[in-house]
Structures are given as C-alpha cells and as structure tokens.
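Chain by chain, the residues run as shown.
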Amino acid sequence: MGFEVDTAFVQPIEHRPKLTILEAGGIPLIDLSVLNSQNSDDPEALSGLITEIEAACQDWGFFQVINHGVSSELRRRIETAQKKFFHLALEEKHKVRRDMVNPLGYYDSENTKNVRDWKEVFDFIIQDETVIPSLGETENQELQVLRNRWPDYPPEFRQACSEYARAVKKLAFKLVELISLSLGLPEKRLNDFFKDNTGFIRLNHYPPCPSPHLALGVGRHKDGGALTVLAQDDVGGLEVKRKTDGEWIRVKPIPDAYIINVGDIIQVWSNEKYESPEHRVVVNSERERFSIPFFLNPAHYLRVKPLEELVDEQNPPKYSEYNWGEFFKSRKNSNFKKLGVENLQISHFKITQQ
Ligand code: OGA
Ligand code: NI
C-alpha cells in the first residue's frame, strides 16, 4: 500500500535521525489551570502565565500544555475512531480519498506523488464550509467552497471528529489570546483574523517502518499557519530543532497534554519576536504511531504582515505583506502534484536590508 522504502524517496543525509536522541531537552511545560479555575480573576496568576508563554514562544516556539480544559473522554473517542479508520482496507479508505480539487479526506504516499513521508492521513476542516482559492487548473482568482468527506466506517467517526474539533478550537483561541497578551497587545487583538478561518485537523497514522533510518514520518518543515495544537500518542517521534544549537530534541509524550507550536503567521505578525520552529517526525520499526494536529489558520483573504503596533523606526517590518489564501493554495498544490518547484516559504517575503 505504498509503504515500501522507495530509494527515490530516501531522505538526504541531514534529514536522517541521529542515533543519539536527546529526550525532552527542556521544552517548556505550561499549566493552564489558571484559566479554568476561580484563579482566572487573579491578575498575578494570569501575568505569571503570560510571562511563561512569552518565554516559551521566544526560546522554543514550542511547548506542551496541561490542564487545558479539553476533556480526555473526547480525545479517547477521536483516537479510537482514528485507529479504526486507518485499520480499514485501503479500498474502503479510498472512498474518501482526496483529489486534485478537494484536498480533504484520505491520502497516502501512493496518491500524492510528491509526498516522501512515511504516513497516511485524513484531513477535515473545522468550519462546515470553508472558502479558499480554487485548487484546480485555474490561473485566475476563482474561489471554491470546501466540504468535508466523511467515511461510513466507523459510524461514530464524524461525530467524534466534530465534537473534538469544537473543543480544541476553544483551546486554540485561548492560546491565541494569551499570545496576544504576551506581545503586549489587547487580549482579542488577533481574534478577528480568524473569522472565516481555514483551519483544519489532520489525523496522522505512521505505520511501523522496516528501515526507520532511511525514512521520516514527516520531513523537516515549519507549519505555515498561525498556531498548531497537536495530540500525540505514547509512542513518540516528534522532534523540534532547538534554537540555541540546532540539535533535534525529542518531544516527550505526556498523557493528555497538547503540544503547541507557533506557525509562520505568528512569526510574521510578531515581526520575528517569535519564530516558527522547524520540526520533523521520526518513525520506528516496531510500533505504529498516531497523532492529531489542529492547524489554526486565518481567512483566505487575510493579508499577513507584521502588526503595526510592533513595528517602528527602530524595528522596521521584516516581511512584506502576503495573501494567506495564495500561500495555502501553493502549499496544497505542491503537496499533491509533482511540481518540481521549491515549496513556498515565508522567507520569500523577508525584507532584506540593503
Ligand atoms: C505536521 C506535524 C507532527 C506529528 O503534521 O505538521 O508536524 O507528531 N506533525 O505528527
Ligand atoms: Ni508540523
């Protein structure tokens, strides 16, 4: 089913996992219970939390949260449905397979020629109808409406996904508000950017890999959106590149915790106060692994640029404005078709000083 090691897809040397893996090398763990208790009115407790968020975003762009308010029962339900779905026959999964026009549903390395990653995936959007620029063969500015594809099996799949999405979206917005405060901005300063959001959830399955030193579950990359809220199981394999020395650090699985990372858009909004960290997933030969990232993305029409309050003459904008929908479209297309062009990166919008 497309999971043999194809030598054409062997990762370049720098992508290969190192033999010595550093465990948990200091990735911050943040307790959000202040937000969910009577303490939420305590300004001191809140300002302590904001300081922790600020440090975590500056030093790592990556942190884990506990006591986040998402029920573990909801999480068990989606994890169970996810496992049942990926264990279905390929023929069944192909009934909800993505295509050239609709990027939602199931795919594996077989039907995405450009994907080298050792995984299979199911994507669904978090707003019932999400508008994005057309992904088809059009050169003009047409729009399209995305709709989810739901499988018939397991029957509880759709409900589990929808309820989970609602709960994690709430958490994502709490985090965006904390990040806004940590940048010295009003709590709700960033919220309007997520009206008509293009956020989506990806169910990932990384089967055991017979040659784990030759492949990666996901090659090194930065998340292009605003914020990622990820659930990983107890297998482990996610690694983040430590800013101080470029070392790949394993993100330790903590039961029921969420792993948060800032994406490229927060890097641009904050004018690089916070950087979107590089990360990757290492596979192993014995155990399959499951994970569920929630990608919070703005509306397709949003023009992304450093926030006015955060730039001045001493600190001029480091990025020129770009359109999120076009960025998203280019990522989706290059993911699906073998375009032979470099993936669009925010560094392409970086303003270089003369
Ligand atoms: C991603 C990603 C990490 C994981 O899908 O962008 O980084 O642990 N996933 O699956
Ligand atoms: Ni990622």
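Let me begin by describing the structure that accompanies this report. Note that this is a predicted model, so its numbers are computed, not measured.

Across soluble globular proteins, nonpolar side chains have a tendency to be buried as a group. The biggest cluster of nonpolar side chains holds 76 residues, and the ones touching the most others in it are Phe122, Leu203, Leu227, Val229, Tyr258 and Trp269. Element by element, the count of residues in this core is highest for helix α5 (residues 157–182), at 14 residues. Excluding residues within four positions of it along the chain, Leu203 makes contact with Ile78, Gln82, Phe86, Glu120, Val121, Phe122, Phe124, Phe157, Cys161, Ser291 and Ile292.

Attention shifts here to unusual backbone geometry. Between Tyr153 and Pro154 the backbone carries a cis peptide bond, its omega angle lying at -10 degrees. For Pro154, the position within the fold is in the loop between β7 (143–146) and α5. With a phi angle near 55 degrees, Asn67 is a residue other than glycine that sits in the positive phi range. For Asn67, the position within the fold is in the loop between β3 (62–66) and α3 (72–86). Judged by relative accessible area, Asn67 falls into the partly exposed class, the value being 43%. Not every positive phi belongs to a glycine, and Asp196 is a case in point at roughly 55 degrees. Tracing the sequence through the fold places Asp196 in the loop between α5 and β8 (200–206).

Okay, the packing of aromatic side chains next. With the rule as written, the count across this model stands at 19 aromatic pairs. When the ring of Trp150 is compared with that of Phe157, the centres are 6.1 Å apart and the planes differ by 65 degrees; the resulting orientation is edge-to-face. Both residues of the pair, Trp150 and Phe157, count as buried. Measuring from centroid to centroid gives 5.4 Å for Tyr322 and Phe327, while their planes differ by 40 degrees, and the two rings are tilted. Residue Tyr322 is classed as buried on the basis of its relative accessible area of 2%. Given the relative accessible area of 1%, Phe327 is considered buried. An aromatic cluster is defined as three or more aromatic residues linked by ring pairs; in this entry it consists of Phe85, Phe86, Tyr106, Phe122, Phe124, Trp150 and Phe157. When the ring centre of Tyr258 is taken as reference, the NZ or CZ atom of Arg75 above it lies at 4.8 Å. The side chain of Arg98 reaches across the aromatic face of Tyr107, ending 4.7 Å from its centre.

Calculation notes
Residues numbered from 1 in each chain as written. Chains lettered and ligands numbered in written order. Predicted model: local features only at pLDDT ≥ 70, side-chain atom pairs only at ≥ 80, totals over all residues. Heavy atoms only, no water. Core = buried A, V, L, I, M, F, W, Y, C linked by side-chain atoms within 4.5 Å. Buried < 20%, exposed > 50% of the residue type's maximum accessible area, 1.4 Å probe, protein only. Helix = DSSP H or I, 4+ residues; strand = E, 2+ residues; numbered from the N terminus. Contact = heavy atoms within 4.5 Å. Phe/Tyr/Trp six-rings, centres within 6.5 Å; stacked < 30°, edge-to-face > 60°. Lys NZ or Arg CZ within 6 Å of the ring centre and 35° of its normal.

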